[in-house]
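# Examining the three-dimensional arrangement
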Amino acid sequence: MKNFVLSSAVALALGLGHTVAAQESDEAEGLDEIVVTGSRIQRNTLVTPNPVTVLDSSDIEVSGSVNIGDLLNELPALGTTFGTQNSDRFIGTAGLNLLDLRRLGTARTLVLVNGQRHVPGSIGSAAVDVNSIPVGLIERVEVLTGGASATYGADAVTGVVNFILKDDFNGFQIDAQTGRSQDDLERSSVDMLLGFDFNEGRGNAVFAFEYSTVGALSAADRGIPPYRTVNNLSDGDSVDANGNVINDGIPDEVITANAGLSIITNGGYFSAGGTNYVFDAPNSFRPANPGTNFGSSECGNGCDFLDLQSFVNLSTPQDRYSFATMFDYQLWQGHNLHVEGKYVNSRAKGSGQPHFNFFNLTIPSDNAFIMPDLAQVLTDAGSTGFNLNRFNVDAGLRGQDNERETSRVVVGLNGPINDRFSYEANVVYGRTTSQQLNTFNRINERFFAAADAVIDPATGQTVCRHTLDPTSTNASLGRSLDASIVGACVPVNLFGEGAVSQEAIDYFSTTAVRQAVLDQFVFNAYVTGSIVELPAGELGFAAGVEYREESSEDLPDALDALGLTFGNALQPEAGEFDVKEIFGEISVPILNDKPGANSLSLDLAARFSDYSTIGDTFTWRAGVEYAPIPAVRFRGTYSEAIRAPNIGELFGPQNQTFFAVLDPCSEDRLDLGVNGRATREANCRALGIPVGFDAQDQVTREGLQGGNPGLEAEESESFTLGLVLNPIDGLGIAIDYWDITIDDAIDVAAAQDILNRCVDATTGLDNEFCPLISRDATNNITLIVQTQQNIAGLTASGVDVEASYEFGVGDDTLRLQMIATYLDDLTDFPFQSDPLSGEQDAGGLGDPELAGQFNVSYYRDNLALNWSIRYLDSQLRLDIEDVEVNPDAQTPLSTESTFYHDLHARWDATDNVALSFGIDNVLDEDLPFGLNGTGAGSGVFDNVGRFFYGRISYRME
């Protein structure tokens with residue numbers, strides 16, 4: 001985070017260093033015209049109607065970060081959806097860093113590099129992996145709020161993040177940095193930059209190399225204990241005669257340390273004769289220690305439980321190197337050729353839980369590894385076998401080793417047409433390839449064959465039952481095994497942690513290989529300039545065309561595709577689209593230097609697009625600026641933007657997934673129907689479900705989840721209204737209100753909603769949800785189907801405040817900077833047609849109502865000191881709607897307000913050498929209890945702890 005340059009206008013975005021927008025006087029007339037984010041019109045004004053926040057290269061330097069995405073995610077306007085600490089939450093995402101502006105989804109934030117689109121990094125989507133942008137080349141980052149589809153096309157629904165790279169660089173610089181946290185997390189980087197002019201200054205070439213590495217950090221390294229949310233045994237809620245719950249003020253649930261699931265362990269858990277047992281060391285078992293039973297198969301206080309926290313990684317290990325070059329050459333007077341090229345290789349390794357068995361592994365009593373004392377227990381219990389629940393740690397932790405390669409080339413030409421008009425044309429080609437290795441994946445057929453071990457009566461050797469009789473029924477699967485998959489079976493001992501042999505691991509384990517390719521081609525050309533000189537100034541315009549092709553192909557491992565491994569069955573995915581567009585914008589000066597109107601201008605932009613997938617779309621934007629006096633400026637924009645469905649949403653296959661759901665037809669849930677018990681009960685009976693039905697809700701339910709070629713575009717409306725104040729030299733203040741509404745948002749109905757809406761429909765079973773559910777002969781749910789649909793709605797609004805004040809203290813300089821966001825609304829409507837379905841997230845985990853940063857910088861001669869504070873408001877841990885219904889649902893109910901302090905010092909030892917030292921999270925602020933910082937919401941908290949780093953920089957011009 002840290003030394004953020006806060007620009008209430010575009011003063012800093014124009015490369016004016018740390019000078020705030022207060023310098024908005026006649027000096028502006030001497031500025032070169034440039035293009036700023038949100039427009040293609042060259043301007044010499046210091047502000048535009050759009051609020052822009054800027055982060056420049058000096059801010060990156062003092063952050064101690066080797067990852068630009070993690071640094072940006074600390075801005076209040078961005079959510080911590082995918083970063084170093086939480087990117088391996090899903091299969092295939094380890095190492096990704098995707099930006100999420102306004103927490104409305106990574107797919108709705110458009111990422112540009114030098115104003116041009118960048119090839120996506122996430123399979124099937126348009127989201128850019130900002131890890132593929134070399135940090136050492138970044139001159140500044142501009143973050144623009146509000147729909148910008150009229151300027152840049154689809155995906156800019158919530159705004160734009162534009163990375164501006166260093167060009168026209170002369171000299172050599174090298175920066176080397178290394179750091180270590182108090183708990184031994186290491187981060188290091190080396191950046192080299194070489195630039196020079198040639199051919200008497202007509203050309204300039206820049207070459208860059210970067211290497212960075214981020215180490216691993218586990219929850220155990222940080223001393224985070226195992227914890228679980230369990231039933232509060234002191235709770236005394238009751239139900240009145242009408243079935244209403246009477247809350248007693250005592251929390252229903254408690255987040256408790258040293259607690260967990262009691263019915264599964266690393267060594268194995270089973271029941272026999274009414275007694276629960278656990279395996280410890282190989283071939284050693286004992287009665288389970290029950291400790292305190294909290295119900296729901298959870299226990300604490302010294303019981304035998306599964307410690308899931310021990311498998312949590314707080315940092316995804318990653319190595320990244322990149323080569324990049326930029327080339328500018330003046331072909332003839334004023335006509336310039338610009339070329340960019342880069343190659344980035346990023347490798348990230350994530351590890352997690354092992355494969356496990358939970359009520360799906362049956363051990364017959366003739367198993368070869370059953371010890372005499374265990375055999376006696378089974379005999380005494382009159383049992384012919386038992387179910388073994390086991391977390392197979394000794395068979396290897398499942399992990400993902402993701403290697404991504406990104407290549408990108410940009411060729412551009414620009415120059416004057418005449419003294420009033422100029423042109424620019426660009427061709428962009430990018431490709432991202434990824435190879436994902438899923439290690440210690442399990443071939444299920446082989447595992448269940450190996451677990452069914454018996455004694456060969458002819459030899460007395462331990463073999464697989466399948467080896468003796470390939471047609472035998474496997475007790476766990478209830479069928480015979482596929483001999484073509486089983487092969488030469490190796491029996492496995494599963495009794496006790498460490499009992500699994502390496503030979504067995506090699507037999508039933510596999511490394512699944514998943515490969516993907518994403519391609520992007522873009523051509524755009526436009527003309528910009530001044531149409532006519534009006535009394536208040538020049539009427540500026542830009543108009544052009546753009547053509548874009550996107551394609552994505554994802555090929556899962558053959559065994560995964562067949563559903564033969566422990567992971568979900570994944571099918572190949574492939575799709576492509578193209579879009580042809582025309583666009584234009586004008587900037588109309590209305591008043592200038594008049595009494596009560598120092599300036600007044602109007603900006604208009606529009607874009608017409610023709611997609612091969614969704615047809616025609618039209619987007620537009622209008623903006624106005626009004627300054628009654630130079631020190632006071634009002635600004636506002638209104639825009640209508642769209643997001644075209646991405647390839648995964650359109651062409652994604654029906655992939656296997658699993659849902660943890662509660663069956664609404666279970667007898668104890670009939671009263672919970674939103675349209676009353678009678679409606680729900682009648683529909684359940686119509687499904688053939690009998691009175692007294694008790695669903696098996698402890699197990700997850702299989703699902704299919706995939707795309708929908710019939711999707712249409714999302715539509716959004718964005719409104720911003722702001723005030724910029726420059727009351728004295730050196731002081732700039734900006735206050736901006738923003739409001740975003742998204743209709744026809746692409747989403748899938750939650751599995752629980754599909755179930756509930758099927759049986760709560762007043763029209764009976766003839767609705768769109770019931771056909772998505774399958775049940776077996778026992779009436780239990782066997783399959784839930786989800787498809788992408790334009791069913792949701794999203795709203796968000798808030799206020800951004802930015803301020804910067806720089807002033808002299810004797811011969812020294814002091815700068816105070818502040819940026820804050822008040823989040824007034826963040827509502828997700830799973831069903832936009834149902835206003836009552838809205839779920840308010842503002843104030844929830846990851847979405848604090850108030851978040852901000854305050855920065856103090858002191859400069860004296862060759863010394864610079866910086867102190868930064870990041871603030872996060874208290875956040876509710878549960879859904880707001882749930883707490884409104886049940887205010888004593890849990891303790892703790894909220895996190896506390898959090899402050900992070902960071903210190904940085906830089907000393908320019910010589911004209912060429914600078915030394916830096918910093919400490920992040922100086923006070924070693926701990927995570928809120930019960931969180932580990934690896935979720936999409938909890939990722940807003942620092943989970944690394946106190947971090948020390950040093951940097952040496954050498955520059956030669």
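Everything numeric here is computed off the predicted structure, so don't read it as measured data. (Residues numbered from 1 in each chain as written. Predicted model: local features only at pLDDT ≥ 70, side-chain atom pairs only at ≥ 80, totals over all residues. Heavy atoms only, no water.)

### Describing the overall build of the protein
Helix and strand counts for the protein stand at 13 helices and 53 strands. A compact globule built from 957 residues would reach a C-alpha radius of gyration of about 30 Å, and the protein, at 31 Å, matches this within 12%. The C-alpha extent of the protein, read off along each of the three principal axes, is 100 × 65 × 55 Å. Evaluated residue by residue, the protein yields a buried proportion of 55% over its 957 residues. In the protein, 72% of the contacts between residues at least 6 apart in sequence involve partners at least 24 apart. Accessible surface, the protein: about 37800 Å² in total, of which carbon and sulfur atoms supply 55%. A distance of 3 Å separates the average location of the 54 positive side-chain charges in the protein from that of its 133 negative side-chain charges. (Helix = DSSP H or I, 4+ residues; strand = E, 2+ residues; numbered from the N terminus. Rg over C-alpha atoms; globule rule 2.2 N^0.38 Å. Buried < 20%, exposed > 50% of the residue type's maximum accessible area, 1.4 Å probe, protein only. Contact = heavy atoms within 4.5 Å. Areas by Shrake-Rupley, 256 points an atom, 1.4 Å probe, with all protein chains shown as cover. Lys, Arg positive; Asp, Glu negative; His and termini not counted. Charge placed at Lys NZ, Arg CZ, Asp CG, Glu CD.)

### A short note on the state of the cysteines
Summed over the entire model, instances satisfying the criterion amount to four disulfides. The residue that forms a disulfide with Cys464 is Cys489, at a sulfur-sulfur distance of 2.0 Å. Measuring the twist about the S-S bond at about -75°, one finds the Cys464-Cys489 disulfide to be left-handed. Here Cys489 lies in the loop between α7 (483-486) and α8 (502-508) and Cys464 lies in strand β32 (residues 462-464), a separation of 25 residues in the sequence. Each member of the pair, Cys464 as well as Cys489, is classed as buried. In this model, Cys758 is linked to Cys770 through a disulfide, with the two sulfur atoms separated by 2.0 Å. Because the torsion about its S-S bond is 95°, the bridge between Cys758 and Cys770 counts as right-handed. (Disulfide = S-S within 2.5 Å.)

### Quick notes on helix α5 (residues 444-451)
Counted residue by residue, α5 has seven buried out of eight residues, so it is predominantly covered. Looking only at α5, the buried set comprises Asn444, Glu445, Phe447, Phe448, Ala449, Ala450 and Ala451.

### Remarks on a negative patch on the surface
Taken together, the side chains of Glu139, Asp167, Asp168 and Asp197 present a region of like negative charge at the surface. Note on placement: Glu139 falls in strand β6 (residues 138-145). Using a relative accessible area of 33% as the deciding quantity, one classes Glu139 as partly exposed. (Patch = residues over 30% accessible without salt bridge, like charges linked within 9 Å, V, L, I, M, F, W, Y side chains within 5 Å. Salt bridge = Lys/Arg side-chain N within 4 Å of Asp/Glu carboxyl O.)

### A short note on the packing of aromatic side chains
All chains considered together, the criterion is met by 34 aromatic pairs. Judged by centre distance (6.2 Å) and plane angle (55°), the ring pair of Phe82 and Phe90 falls under tilted. For Phe82, a relative accessible area of 10% translates into the label buried. With 6.0 Å between their ring centres and 85° between their planes, Phe769 and Phe831 make a pair best called edge-to-face. Of this pair, Phe769 sits in the loop between α12 (751-759) and β43 (773-775) while Phe831 sits in the loop between β46 (812-829) and β47 (839-840), and the two are 62 residues apart along the sequence. Look at Phe769 and you get buried, because its relative accessible area is 11%. The ring of Trp738 has Arg102 lying over it, and the distance from NZ or CZ to the ring centre is 3.9 Å. If you follow Arg187 out to its NZ or CZ, it ends over the ring of Phe947, 5.0 Å from the centre. (Phe/Tyr/Trp six-rings, centres within 6.5 Å; stacked < 30°, edge-to-face > 60°. Lys NZ or Arg CZ within 6 Å of the ring centre and 35° of its normal.)

### Some details on the sheet that holds strand β4 (residues 109-113)
Strand pairing in a sheet is mediated by backbone hydrogen bonds. Such pairs are either parallel or antiparallel. Taken in spatial order, the five strands make up an open sheet running β1-β6-β7-β4-β5, and their pairing is mixed. Both edges of this open sheet fall to β1 (52-56) and β5 (116-117), since each of them pairs with a single strand only. Summarising the sheet, β6 and strand β7 (residues 159-165) pair through seven bridges and their orientation is antiparallel. Across the sheet, Val141 pairs through a bridge with Phe163, a residue of β7. (Pairing = 2+ DSSP bridges.)

### Things to note about the nonpolar core
One broad trend across soluble globular proteins is that nonpolar side chains are buried collectively. Ranked by internal contacts, the top residues of the largest apolar core, which has 32 residues, are Leu374, Phe386 and Phe508. Counting only elements with at least two residues in this core, the list comes to β17 (269-272), β18 (275-279), α4 (372-380), α5 and α8. With five residues, the single largest contributor to this core is α5. Excluding residues that lie within four positions of it along the chain, Leu374 makes contacts with Phe270, Phe279, Phe285 and Phe386. Formed by 30 residues, the second largest nonpolar core is a distinct cluster that contains Ile68, Leu165, Leu193 and Ala208. (Core = buried A, V, L, I, M, F, W, Y, C linked by side-chain atoms within 4.5 Å.)

### Quick word on the confidence of the model for the protein
Per-residue pLDDT for the protein averages 90, and the proportion of residues at 70 or more is 95%. Taken as a whole, residues 1-32 scores under 50 in pLDDT and shows 117 contacts with residues more than four places along the chain or in a different chain. (pLDDT = per-residue confidence, 0-100.)

### Things to note about unusual backbone geometry
With glycine set apart, most residues show a phi of negative sign, and most peptide bonds adopt trans. Across the junction of Thr891 and Pro892, the peptide omega takes the value -10°, indicating a cis bond. Here Pro892 shows up in the loop between β50 (890-891) and β51 (898-908). Unlike most non-glycine residues, Asn114 shows phi in positive territory, near 55°. Mapped onto the secondary structure, Asn114 falls in the loop between β4 and β5. Note on Asn114: relative accessible area 24%, which makes it partly exposed.

### Quick word on the pairing of strand β15 (residues 253-257)
The side chains of a regular strand alternate, residue by residue, between the two faces of the sheet. Bridge count for strand β12 (residues 227-231) against β15 is five bridges, and the pairing is antiparallel. The partner of Asn231 across the bridge, within β15, is Glu253. In this structure, β15 lies alongside β50, joined through two bridges in parallel fashion. Bridge pairing in β50 places Val254 opposite Thr891.

### Quick word on the pattern of salt bridges
Here the structure, examined in full by the defined rule, presents 45 salt bridges. With its nearest N and O atoms 3.1 Å apart, the salt bridge here joins Arg548 to Glu550. Taking relative accessible area as the criterion, Arg548 reaches 2% and is therefore assigned buried. Its relative accessible area of 8% is what places Glu550 among the buried residues.

### Brief notes about the pairing of strand β39 (residues 655-659)
Extensive coverage of β39 is indicated by the burial of four of its five residues. Two elements, β39 and strand β40 (residues 701-706), share five bridges in a ladder whose sense is antiparallel. Each residue of the ladder has a partner; that of Asn655, found in β40, is Gln705.

### Thoughts on the side chain of Asp191
Structurally, Asp191 can be placed in strand β9 (residues 186-198). Buried charge Asp191 goes without a salt bridge, the closest partner of opposite sign being Arg951 at 4.5 Å. The contact partners of Asp191, leaving out residues within four places of it in the chain, are Gly136, Gln173, Ile174, Asp175, Phe209 and Glu210.

### Examining the packing of helix α11 (residues 677-686) against α12
As a packed pair, α11 and α12 sit with axes 8 Å apart at the nearest point and diverge in direction by 95°. Relative to α12, α11 is oriented roughly perpendicular. Taken together, the residues of α12 that come into contact with α11 (itself represented by Thr679, Arg680, Asn683 and Cys684) are Asn756, Cys758 and Val759. Residues of the contact of α11 with α12, tallied by class, amount to three nonpolar, three polar and one charged. (Axes fitted to C-alpha atoms, helices over the stretch in contact; angles between N-to-C directions. Parallel < 35°, antiparallel > 145°, perpendicular 65-115°, else oblique. Nonpolar A, V, L, I, M, F, W, Y, C, P; charged D, E, K, R; others polar.)

### What about α4?
Restricting attention to buried positions, one finds in α4 the residues Leu374, Val377 and Leu378. Taken around the axis of α4, the buried residues stretch over an arc of 95°, which confines them to a single face. Among the exposed residues of α4, those oriented more than 90 degrees off its buried face are Pro372, Thr379 and Asp380. Looking at the buried residues of α4, the elements they touch are β17, β18, β19 (285-287) and β27 (385-387). (Arc of directions from axis to C-beta.)

### Quick look at a nonpolar patch on the surface
Judged by side-chain polarity, Val409, Val411, Val427, Phe523, Val545, Ile582, Phe608 and Phe618 come together as a nonpolar surface patch covering roughly 640 Å² of accessible area. Of note, Phe523 is situated in strand β33 (residues 509-534). The exposure class of Phe523 is partly exposed, given its relative accessible area of 32%.

### With respect to the sheet that holds strand β44 (residues 781-787)
Here four strands make up an open sheet; going across it, the order is β39-β40-β44-β43 and the pairing mixed. At either end of the open sheet lies a strand with only one pairing partner, and these are β39 and β43. Neighbour-to-neighbour, the strand axes of this sheet turn through a mean angle of 25°, independent of strand direction. Strands in contact with α12 are β39, β43 and β44; relative to β44, the strand with the most contacts, it is inclined by about 105°.

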